[in-house]
Amino acid sequence: MSDNHTDLIQITLCREEEAHIICNMYPYYLYDLSEIWERLPNSQGIFDDEEYATLHQQSDVFLIWWRHPGVLYPWIIRVNGVPAGFALIATAPYLPDGSKAQYYLNEFFVMRPFRGQGVARQAASHIFDQYKGDWELQTNASSRNSHAQSFWNHVLSQYTDSQYSQQEITDEDQQQLLSYCFNNQ
């Protein structure tokens with residue numbers, strides 16, 4: 001990306017025929033998360049469950065995002081036509097246990113060459129604007145994830161005029177998470 005602020009950021013729903021683009025970026029997302037969650041790759045070299053021996057097998061699981069239109073929403077983020085990241089939005093029945101949200105930011109990722117330039121902030125705001133109601137997103141609560149925590153606090157403060165809540169929760173896997181909730185109606 002250039003520094004002249006003329007870059008074109010496009011945030012669009014990802015069509016099924018483009019699903020492979022998000023699947024191609026997903027291993028980079030898991031690699032980034034491995035540092036935060038302190039996880040090693042499985043015996044096949046994949047940052048995911050042991051059941052996956054190939055990236056193709058891992059990608060097959062992702063196809064659910066294109067099987068439930070109107071319930072699951074896969075978004076792709078591009079900068080000057082180049083894939084830069086993705087966001088996956090879920091609604092019931094694909095919400096975390098106990099969530100009272102209408103919309104859940106399941107995954108959000110911007111690749112490293114596009115970070116620190118406003119791409120993620122603009123993408124998050126654009127996607128939030130598409131769905132009005134109660135939102136939730138979660139992120140790792142550890143100090144290893146301070147960058148993401150700072151990002152979400154900054155973005156949500158601006159987006160909601162500081163009208164959001166944040167609380168530490170424990171998920172079904174006994175992982176400590178920060179849950180952010182807001183309403184944008």
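Provided above is the structure to which this section pertains.
Quick caveat, the model's predicted, so the values are computed rather than measured.

Reading the values: the criteria
Residues numbered from 1 in each chain as written. Predicted model: local features only at pLDDT ≥ 70, side-chain atom pairs only at ≥ 80, totals over all residues. Heavy atoms only, no water. Phe/Tyr/Trp six-rings, centres within 6.5 Å; stacked < 30°, edge-to-face > 60°. Helix = DSSP H or I, 4+ residues; strand = E, 2+ residues; numbered from the N terminus. Buried < 20%, exposed > 50% of the residue type's maximum accessible area, 1.4 Å probe, protein only. Polar contact = N/O pair within 3.5 Å; in protein donor to acceptor, adjacent residues only side chain to side chain. Expected span 1.5 Å × (residues − 1). Arc of directions from axis to C-beta.

**Points about the packing of aromatic side chains**
Inspection of every chain in the model, using the stated rule, returns 21 aromatic pairs. With centroids separated by 6.3 Å and ring planes inclined at 85°, the aromatic side chains of Trp-75 and Tyr-131 adopt a geometry described as edge-to-face. Taken as a pair, Trp-75 in strand β2 (residues 72-79) and Tyr-131 in the loop between α3 (119-130) and β5 (134-140) lie far apart in primary sequence, 56 residues in all. Judged by centre distance (4.9 Å) and plane angle (70°), the rings of Phe-128 and Phe-182 are edge-to-face. Taken together, the residues Phe-128 in helix α3 and Phe-182 in strand β7 (residues 176-183) connect sequence positions 54 residues apart. For Phe-128, a relative accessible area of 1% corresponds to the buried category. Grouped by ring-pair contacts, the aromatic residues Tyr-73, Trp-75, Tyr-103, Phe-108, Phe-128, Tyr-131, Trp-135, Phe-151, Trp-152, Tyr-159 and Phe-182 constitute a single cluster.

**A look at the side chain of Asp-171**
By secondary structure assignment, the location of Asp-171 is in the loop between β6 (164-170) and β7. Judged by relative accessible area, Asp-171 falls into the buried class, the value being 17%. There is a polar contact of 2.8 Å between the side chain of Asp-171 and the backbone nitrogen of Gln-175.

**Some points on helix α4 (residues 146-160)**
Between its terminal C-alpha atoms α4 stretches 21 Å, which fits the 21 Å expected from 15 residues at 1.5 Å a residue. Of all the positions in α4, only Ala-148, Gln-149, Trp-152, Val-155, Leu-156 and Thr-160 are classed as buried. Looking down the long axis of α4, one finds its buried residues gathered within 140° of arc, a one-sided arrangement. Looking at α4, the residues exposed on the side facing more than 90 degrees away from the buried face are His-147 and Gln-158. Positive phi appears at Asp-161, one or two residues downstream of α4, with a value of about 55°.

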